[in-house]
Amino acid sequence: MSTLGMIRQHGKRGHISWREINVNIELEHKISKQIKGLSNLSFECLLMACDSESGKKALSVDSTIAFPVVLYQGQWMIANAVKKAKESKWLASHHQGYDDQIPIVAHSISDFLALLLPPGCPLLLTNQGNMDAFSSSFLSPLLPLKLISPAVTTPRSISTPHVNVSSVRIEERPPASIPRTTTTTTTKAPPQPPKTQPPPPASNTLPKRIASPSVGAKKRVEPKLSTFIFNTFDNIINNFIDPPIRPSVDPRHVLSHNFAPVDELPPTECEVIQGSLPPCLDGAYIRNGPNPQYLPRGPYHLFDGDGMLHSIRISKGQATLCSRYVKTYKYSIENEMGSPVLPNVFSGFNGLTAAATRGALSAVRVLTGEFNPANGIGLANTSLALFGNRLYALGESDLPYSIRLTPNGDIETLGRHDFDGKLFMSMTAHPKTDTDTGEAFAFRYGPMPPFLTYFYFDANGNKQPDVPIFSMSRPSFLHDFAITKKYAIFADIQIGMNPMEMIFGGGSPVGTDPAKVPRIGVIPRYAKDESEIRWFDIPGFNLIHAINAWDEDDGNAIVMLAPNILSVEHTLERMDLVHALVEKVRIDLRTGLVTRHPLSTRNLDFAVLNPAYLAKKNKYVYAAVGDPMPKISGVVKLDVSRGDRQECTVASRMYGPGCFGGEPFFVAKEPGNPEADEDDGYVVSYVHNENTGESRFLVMDAKSPNLDIVAAAKLPRRVPYGFHGLFVRESDINKL
């Protein structure tokens, strides 16, 4: 049955029930000569359809319903804005359908899609079906789009080679049944919303391709009166008090191109289009990253999105992709209420007025019981960690969230984990796991003393007592750290809490202090208190990510590898202006002498190594090439054993024009073989082609001088750019 036939069939039923019709339409079209360079247009949309009479009665609206949004050339735009920006006509010819068989001429994408709908059918467009139009009020300054009734009143089925509907699925919206959690000890899985379809029993029965999945689709919730009032005040703040003026917090800029969010994807088979997946990759590569559940209604920073895990499960040369939100308390409560509730931390408190108004509104929401901050406000969107036979999704503003992988490749959130009540505050998103001992080392930082607290977990995952560091005299942005076999190493950098800039400059509460001298703190790895910590001034050294560190000279010296962030003042506002210079820093603990030198002049960050060499002297590092950050244009291999002032790049792989990836990850061929070479393995990463809209999973030979691609899997849909990932072997998955 054609798309039009399926829509009309459901629209004529006696009862009114909204249906989601997920349509992936590839429009092979001819465009008039005024538009050049757009020979192929691919877009995904969500059509919300019902019949005319009952639909209007149920909605109690006239012809204006919402602010339809389309993803056009990677930009969020109102459909009318598309028409206004492109005065030329969209031309799509066909040979069957209407009696006169003349070409269909549509003045906008929405006009063209309207031709697929019956007369009077409401039309709502969003990106890939996961953006709720109710949360699109940040676009309110723009003109709303009228609901479109097709110009042709006689319904016909359109069957043409120029419009290829590759997949259609119609399903009921399931009721949300997520309870509000009030305790922090959550080691068991909370009740999940009813699945819209059961997971396939075996990988060989997985669908080959899903056009625009909406598994776990959100119920359209009728808001309570109090919620409606709060959202109205929130809209006033977002539109008049603190609108997203700066590009760094404008969602139309931040969420453009492949930073745009996607919906959840059930386990879906991938096509291996080049080479074959090596047996040592049996397991799962999982990458975390921000993916806002709702289209932001106000300022939005790249770091503010809800955590989504993109996992490619590999078994016997076959690959399965799955994308799932981390079901944090924030995600669950907002999913239940049908709209954002918590303000964005990185973008919602820029300036005293914005901070005061959003803070007051949040306080009222807490007092009325809309959410309980004691259950966590974190996003779990940064990284993953495996220790104590548990897999965690991490974000440094909250406790870890325990997750597991099912046999068919799905991802389940088990709950917020507080380690038997011993971890009652936040934890870094970059714990360090010593593969020799099984221990994991971590810390937390905050705006109140102690500004830094160090702790670790034993091999069984039991948390050990806190070690507060009071010698850090003011709050600092400590995103990462390093360990050796003897020490833990912290960086007190020029980024920290900056309340004066927020009050008088209208900036973020997190800012830079140019007058501050960065320093490195070294504390014994198993310290019971901070009495033995030593601080060393290192002017101009601002560490965001640490690569590795090790002991030298019988423990009397330490060496650390880390990218030094130049122009650190742009870290949060203008990442495209940041240059990360990988440096080797050596500290003589007897004399206090600090020496440092660069390893490469390129803009490199998100660097990794063979995990077996963590806290030990390593030779090779694999780093992402910023072009500029946060986009990654390739990966390079560094030989850090080379002498001072030598370019250490020994291999590289650039992804090509319009192709960008993320953090690489090294997977050893024989992880249990002590005789294996350090670089005997593979470098893996997700890579997206912005020219074709296609994403791939690449496997590169870590030993080869060009990091040769030995295997590539075409993903069933694009994977947005994100943050940090982890490879989990099948043997470890079975222990979760």
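Each chain carries its own residue numbering, running from 1 in the direction its sequence is written. Reporting in this predicted model follows two pLDDT cut-offs: at least 70 for local features of residues, and 80 or more for side-chain atom pairs to be given and counted; totals over whole chains, interfaces and linings ignore these cut-offs and use all residues. Values reported for side chains reflect all heavy atoms of the structure, with hydrogen atoms and water molecules removed beforehand.

Okay, the sheet that holds strand β19 (residues 452–457) next. Two strands form a pair only when DSSP identifies at least two bridges running between them. Comment: elements are numbered from the N terminus, with helices defined as DSSP H or I runs of at least four residues and strands as E runs of at least two. Across the sheet, 4 strands lie side by side as β17-β18-β19-β20; this open sheet has antiparallel pairing. Only two strands of the sheet have a single partner each, and these edge strands are β17 (432–433) and β20 (467–469).

Here I469 lies in strand β20. Distance in space between the C-alpha atoms of I469 and T453 is 5.6 Å, their sequence separation being 16 residues. Between two residues, a contact is recorded if the distance between any of their heavy atoms is within 4.5 Å. Leaving out residues up to four positions away in the same chain, I469 has contacts with P450, L452, I523, E530, I533 and W535.

Time to look at empty space enclosed by the protein. Cavity: a set of points on a 1 Å grid over the protein atoms alone where a 1.4 Å probe fits but cannot get out. Pocket: an open set with protein on both sides within 12 Å along at least five of seven lines, its lining residues, like those of a cavity, having an atom within 4 Å of a point. Grid points are joined across faces, edges and corners, and a volume is the space filled by probe spheres set on the points. This structure, assessed with the given rule, holds 11 cavities of 30 Å³ or more. The dominant element in the lining of the largest cavity, judged by the number of residues it contributes, is helix α8 (residues 352–367), at 4 residues. In this classification, Asp, Glu, Lys and Arg are treated as charged, Ala, Val, Leu, Ile, Met, Phe, Trp, Tyr, Cys and Pro as nonpolar, and every other residue, Gly included, as polar. In terms of residue class, the lining of the largest cavity is built from 10 nonpolar, 8 polar and 8 charged.

Burial classification: accessible surface area is computed with a 1.4 Å probe over protein chains only, and a residue below 20% of its type maximum counts as buried, one above 50% as exposed, and the rest as partly exposed. Counting buried positions along helix α7 (residues 329–337) gives 8 out of 9 residues, so the element sits mostly inside the fold. For α7, the full list of buried residues reads Y329, K330, Y331, S332, I333, E334, N335 and M337. The inward-facing, buried residues of α7 contact α5 (225–241), β12 (318–325) and β15 (401–405). One or two positions beyond α7, positive phi appears at G338, with a value near 85°.

It is worth spelling out α8 at this point. The periodicity of an α-helix, 3.6 residues per turn, causes residues three or four positions apart to be oriented the same way. One less than the number of residues in a helix, times 1.5 Å, gives the span that helix is expected to have. Over its 16 residues, α8 extends 22 Å from the first C-alpha to the last, a length consistent with the 22 Å expected when each residue adds 1.5 Å. Every buried residue belonging to α8 is among A354, A355, R358, L361, S362 and R365, and all of these are buried. With its buried residues spanning 145° around the axis, α8 presents them on a single face. Along α8, exposed side chains directed more than 90 degrees from the buried face belong to T353 and L367. Looking one or two residues past α8, G369 carries a phi angle of roughly 85°, positive in sign. The directions considered for the arc are those from the helix axis to the C-beta atoms.

As a further point, take the sheet that holds strand β26 (residues 534–537). Taken in spatial order, the 4 strands make up an open sheet running β21-β22-β25-β26, and their pairing is antiparallel. Every other strand in the sheet has two partners, leaving β21 (482–483) and β26 as the edge strands with one partner each. With 6 bridges connecting them, strand β22 (residues 487–492) and strand β25 (residues 519–524) associate as antiparallel partners. Its bridge partner lying in β25, Y487 is registered against P524.

In this section: the pattern of salt bridges. Salt bridge criterion: a side-chain nitrogen from Lys or Arg within 4 Å of a carboxyl oxygen from Asp or Glu. Taken as a whole and assessed by the stated rule, the structure comprises 37 salt bridges. With a closest N to O distance of 2.9 Å, E412 and R404 form a salt bridge. Two residues, K485 and D434, come together in a salt bridge whose shortest N-O distance is 2.8 Å. In this pair, K485 is assigned in the loop between β21 and β22 and D434 in the loop between β17 and β18 (440–445), connecting sequence segments 51 residues apart. The exposure class of K485 is partly exposed, given its relative accessible area of 30%.

With that out of the way, let us pick up the UniProt feature "binding site: Fe cation" (unreviewed entry) in the chain. Cross-referencing UniProt, the feature "binding site: Fe cation" (unreviewed entry) maps to H430, H479, H545 and H724 in the present numbering. Look at the named residues: they lie 295 residues apart in sequence, but the longest C-alpha span between them is just 12.7 Å, so in the fold they bunch up. Relative to the assigned elements, H430 resides in the loop between β16 (411–416) and β17. Non-local contacts of H430, meaning those with residues more than four positions away in its chain, are made with H479, D480, F481, H545 and H724. Whenever two N or O atoms come within 3.5 Å, that pair is a polar contact, provided that in protein one can donate a hydrogen and the other can accept it, and provided that, for residues adjacent in sequence, both atoms are side-chain atoms. A distance of 3.0 Å separates polar atoms of two side chains, one belonging to H430 and the other to H479. Mapped onto the secondary structure, H545 falls in the loop between β26 and β27 (548–552). Exposure remark for H545: the relative accessible area of 11% places this residue in the buried category. Setting aside anything within four residues of it in sequence, one finds H545 in contact with H430, H479, D480, A562, P563, D605, F606 and H724. Of note is the side chain of H545, whose polar atom sits 3.3 Å from the side chain of H479. UniProt positions are given in the numbering used here, feature names are shortened, and annotations may be inferred rather than shown by experiment.

This paragraph deals with the packing of aromatic side chains. Aromatic pairing here means that ring centres of Phe, Tyr or Trp (its six-membered ring) are within 6.5 Å. Orientation follows from the plane angle: under 30 degrees is stacked, over 60 is edge-to-face, and everything else is tilted. Tallied over the full model, the rule gives 23 aromatic pairs. Both rings, one in F387 and one in Y392, keep their centres 5.0 Å apart while their planes meet at 35°; by these two values the pair is tilted. Geometrically, the ring pair formed by F419 and F457 is tilted, given 4.6 Å between the ring centres and 40° between the ring planes. One end of the pair, F419, is in the loop between β16 and β17; the other, F457, is in strand β19, with 38 residues separating them in the sequence. With respect to class, F419 is no different from F457; both count as buried. Taken together, the ring pairs connect F387, Y392, F419, F455 and F457 into an aromatic cluster. Either the NZ atom of lysine or the CZ atom of arginine qualifies as a charge over a ring when it sits within 6 Å of the ring centre and within 35 degrees of the ring normal. When the ring centre of W535 is taken as reference, the NZ or CZ atom of R519 above it lies at 4.0 Å. Its guanidinium or amino end placed over the ring of Y620, K637 lies 4.3 Å from that ring's centre, counting from NZ or CZ.

What follows covers the environment of G378. If you trace the backbone, G378 turns up in the loop between α8 and β13 (383–387). Separated by 17 residues in the primary sequence, G378 and G395 have C-alpha atoms spaced 6.4 Å apart. Excluding residues that lie within four positions of it along the chain, G378 makes contacts with T328, K330, S397 and D398.

Once that is clear, we can look at the pairing of β13. With 4 of its 5 residues buried, β13 lies for the most part within the structure. Note: β13 against strand β14 (residues 390–394), 5 bridges, orientation antiparallel. Among the inter-strand pairings, S383 is bridged to a residue of β14, identified as L394. Between the antiparallel neighbours β13 and β14 lie 2 residues, among them G388 with a positive phi of about 60°.

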